[in-house]
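Summary of structural features
If you want the building blocks of each chain, they are given just below.
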Amino acid sequence: MVGIVTLTCIGAVLFATFNAYRNLRNNIAKAKKTGLPYVLGPFVPIGYGYLIIAEILGPLLRKIPIINQWEWLYLIDRQVSWSAPRVAENKYGDTYLIVTPSLIYLKTSSAELGSQVTSRKTDFLKPVERYKIVNLFGKSILTQEGQEWKRHKKIVGPSFSEKSNRMVFEESLRQTEGMVGLWASQQKELEGKGGGLKVEDTAVDAATLSLHVICAAGFGVPQLWPNEGEEKLMGNGVQGFSELDAKGMHTLTFKEGLNQLLKKLMWFVIFPQSFLKISPFKTHQSAYEAFSECFAYFHELLEVKKKQMYLGESDKSSMDLLGPMIKANEVSTTKSQQAPTLTTAEILGNCFIFLFAGHETTANNIHYSILEMALNPKIQRHLQEDIDGILGKDKPISEWSYLEDMPRLYNSMVGATMSESLRLIPAILNIPKVASGDQIVTIDGRQFSIPADTFVHLNVVGTNRNPRYWGEDPEVFRPERWLPKSGNGVVKENGNGVVKEKVVADGLEKASFESSNSGTLVAPTKGSYISFSEGARACPGRRFAQVESTAVLSKLFYDYSVELDVSNFASEEQLAKLDSRGKREVYEKARRRAENVIGRSEQIITLQMRAGDYVPVVFRRRGEERFLGLYT
Ligand code: HEM
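Summary of the structure given here.

Reading the values: the criteria
- Residues numbered from 1 in each chain as written.
- Predicted model: local features only at pLDDT ≥ 70, side-chain atom pairs only at ≥ 80, totals over all residues.
- Heavy atoms only, no water.
- Patch = residues over 30% accessible without salt bridge, like charges linked within 9 Å, V, L, I, M, F, W, Y side chains within 5 Å.
- Areas by Shrake-Rupley, 256 points an atom, 1.4 Å probe, with all protein chains shown as cover.
- Salt bridge = Lys/Arg side-chain N within 4 Å of Asp/Glu carboxyl O.
- Helix = DSSP H or I, 4+ residues; strand = E, 2+ residues; numbered from the N terminus.
- Core = buried A, V, L, I, M, F, W, Y, C linked by side-chain atoms within 4.5 Å.
- Buried < 20%, exposed > 50% of the residue type's maximum accessible area, 1.4 Å probe, protein only.
- Domains from an automatic or database assignment.
- Contact = heavy atoms within 4.5 Å.
- 1 Å grid on protein atoms, 1.4 Å probe; cavity = no way out; pocket = protein on both sides within 12 Å on 5 of 7 lines; lining within 4 Å.
- Points joined across faces, edges and corners; volume = space filled by probe spheres on them.
- Nonpolar A, V, L, I, M, F, W, Y, C, P; charged D, E, K, R; others polar.

What about a nonpolar patch on the surface?
Taken together, the side chains of Tyr 48, Ile 52, Ile 56 and Leu 60 make up a nonpolar region of the molecular surface, amounting to roughly 400 Å² of accessible area. Structurally, Leu 60 is set in helix H2 (residues 48-61).

Here's the deal with the nonpolar core
Counting residues in hydrophobic clusters, the biggest one holds 132 residues, and the most contacted among them are Phe 352 and Phe 619. Considering every element that reaches this core, the biggest residue donor is helix H15 (residues 344-375), with 16 residues. Each of domain 1 (21-138 + 432-467) and domain 2 (159-202 + 216-231 + 358-428 + 471-484 + 501-523 + 531-631) accounts for three or more of the residues forming this core. With sequence-adjacent residues up to four places away left out, Phe 352 is seen in contact with Val 134, Leu 136, Phe 137, Leu 261, Leu 262, Leu 265 and Phe 298. Within the second largest apolar cluster, 20 residues are counted, among which are Val 117, Ile 431, Phe 448 and Ile 530.

Digging into empty space enclosed by the protein
What the rule picks out here adds up to five cavities of 30 Å³ or more. Size it by volume and the largest cavity reaches roughly 70 Å³. Contributing to the lining of the largest cavity are Leu 262, Leu 355, Phe 356, His 359, Glu 360, Ile 605 and Thr 606. Take the lining of the largest cavity: its biggest share by element is four residues, from H15. Grouping the constituent residues of the lining of the largest cavity by class yields four nonpolar, two polar and one charged. Surrounding the second largest cavity, Leu 564, Asp 565, Asn 568, Phe 569, Ala 590, Arg 593, Ala 594, Val 615 and Pro 616 form its lining. Per-element tally for the lining of the second largest cavity: the top contributor is helix H24 (residues 580-599), with three residues. The class makeup of the residues in the lining of the second largest cavity is six nonpolar, one polar and two charged.

Quick word on the pattern of salt bridges
Across all of its chains, the model carries 28 salt bridges by this definition. A salt bridge links Arg 543 to Glu 162, with the nearest nitrogen and oxygen atoms 3.2 Å apart. With Arg 543 in helix H22 (residues 542-559) and Glu 162 in helix H8 (residues 162-186), the pair connects residues that are 381 residues apart, well separated along the chain. By relative accessible area, Glu 162 is classed as partly exposed at 32%. Overlapping salt bridges, with partners in common, bring together Glu 420, Arg 423, Asp 473, Arg 478 and Arg 481 in one network.

In structure tokens:
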């Protein structure tokens, strides 16, 4: 008996090995035909199984002599585009393949190829089966392809309107005041004595702020900071959603539920919900609790909103992201054949996707932009000069105008700063696509045939830092490159390496902030700035995020300057004895540490600082800076 089992096992292994060998040979033949450079390997970290194997096996194999020379080992590091930007591209060129027995993988940092991939939406599909995990509440625009995606897009797309952008602007300003109010309440004694507002980890507060903005502008349920009273809601709160304590049968507040679910989402990747529900581990139980609380809240929210619509309050500003979906749901329940419809589960699915796709991404952009300002005092001063020039002195946020001020702020150093920050530190490292059949593409005037089912990764960092499009200093944080007429270092190409004239403003900026009379930001070469992706599947929340970041950064830097906290490198007494040069040396130490910490960032869902990493900063009232004046 044992003999038969052993023989069967050996037979199965031999068969699998032979099959793998045969497939590899086939794939090598296809790869050779493309004419693109390729590297061989047993697998690529696509899919959770391979990802886990790569995470465990990669570091082990990299320690073994001779084996550690294998290029493949470095290419499969899922952080490689961030941790070693453009190293592979410098060796193989902007486009290369990894060939394995199970698939051909293509990675590209070419704007020309990227544009073809994103614009040929039926030739290169989104591998939506890999996004299934976020179908926790129902299918959504993110997790659908083809006709189904079109149906979602038709309904969800109009949610991102100018009306909702205006709400985002106003809410972001209010929330920035709320966040600063929290910092001030935590350290009253420091401010006013020139001590400033010390913030240990800006990422945490930026995440809360961003969640508050989506809750209010997206779902009409404004939120409070812990130090604020309910009077701050000015009657706009929604019972059961806006309070600081859980009400009724709920064990978590709406905000706690969302926060907890977004933080613990990875558990739903690893285990089925049914297991998390009965798991003896606390962290699993709280992940499940967050899910079921959110499920209940989303249902209740729909009811509240439907009631508002029924009562003729559909124009209430809070209807924006949800309104079009609820209307489509009403159509679906009345079985009208005319308009596209959405089921209740699909509305919940899309609500969750807005939170999932829009919350951490925007928060990270705000967080890293603030840190870049602390690292680059001269740029910070330029930013503040622009803000002052646009807003004048002492303008309360109630007088900031979305139509007048927003476009001017966006098209100034403010928009330039967040765009530059997102160019160098994008939220997502790779944008995945799959070739739906053999596809002919053109790169530098040559045609290549990409085999069917090739898995494509558009390398966001590799593209955004490609010297071909970004001039001689693509690694340098230089927001001025986005401003027109500044020797901006954005190279316009026609795809054959021929430099064309510089062009300003892509369609989006023009359409979005059209009342601008202050010029527009430089539009990079098509396909060379892909932090929001491009084409039909580009981020629909782009303007939402841009408006939010613009408002937050403008308000913060209108009132405050940010400096790195140097208390780990010199005490107050030591600082008092130092001359300018000595103080600058201390600041440089803090800068080196901060750059190190930022460099260690990693992509879990989005690119963010590692758990336990943070860069403490101090916000000081304008005119009370300690270190910025040392950099003239
Ligand atoms: C700085 C902030 C943001 C960045 C960098 C960003 C980036 C992206 C990228 C790269 C994609 C394409 C992903 C892919 O193809 O795999 C995407 C898709 C998406 N984003 Fe954003 N996003 C941001 C903010 C937002 C916001 C605020 C929302 C909503 C409120 C949002 C909603 C979505 C949705 C629904 C999709 C899926 C679109 C589709 O598949 O058709 N994003 N985003």
